[in-house]
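# Observations on the model geometry
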Amino acid sequence: TVGAGAALLIVAVVDAIRWSAVDVSTVVAVAASVAVAVGLRSPLTVVFLLAEMTGDLVLAVYLAPVVLLATALDRRADRLLGRPPSHPATVHDEDA
């Protein structure tokens, strides 16, 4: 995704100037999880699914605030642009 590519570029720049030791796979996984969370509109699923798939539950600590911020920004952008919500406002009898 574009987010993962941008994160990889940032990691490469930080690594080139020897600013800090950054684990590239963690940064790219976090960036890709943002794309999935915003695209599927399921932030909690992404946080726990990725942490479980990688076997590193500490990753959930990093994923949660990043995904929360990205989801909040995406929903705010939707409101500013006048897009309809992704879920129906009411449940009809036919839907149940």
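Residues numbered from 1 in each chain as written. Predicted model: local features only at pLDDT ≥ 70, side-chain atom pairs only at ≥ 80, totals over all residues. Heavy atoms only, no water.

A word on the overall build of the protein chain. The helix and strand tally for the protein chain stands at four helices and zero strands. Counting only residues that meet the buried cut, the protein chain has 24% of its 96 residues in that class. Here the analysis covers contacts within the protein chain between residues at least 6 apart in sequence; of these, 54% occur between residues at least 24 apart. (Helix = DSSP H or I, 4+ residues; strand = E, 2+ residues; numbered from the N terminus. Buried < 20%, exposed > 50% of the residue type's maximum accessible area, 1.4 Å probe, protein only. Contact = heavy atoms within 4.5 Å.)

Positive phi outside glycine occurs at R41, with the angle close to 60°. Tracing the backbone through its elements, the reader meets R41 in the loop between α2 (24–40) and α3 (43–54).

Take the pattern of salt bridges next. Under the definition given, this model contains two salt bridges. For the salt bridge of R41 with D74, the shortest nitrogen-to-oxygen distance reads 3.5 Å. With R41 in the loop between α2 and α3 and D74 in helix α4 (residues 59–81), the pair connects residues that are 33 residues apart, well separated along the chain. D78 serves as the salt-bridge partner of R41, at 2.2 Å between the closest nitrogen and oxygen. Here D78 lies in helix α4 and R41 lies in the loop between α2 and α3, a separation of 37 residues in the sequence. With a relative accessible area of 28%, R41 lands in the partly exposed category. Residues joined in a network through salt bridges with shared partners are R41, D74 and D78. (Salt bridge = Lys/Arg side-chain N within 4 Å of Asp/Glu carboxyl O.)

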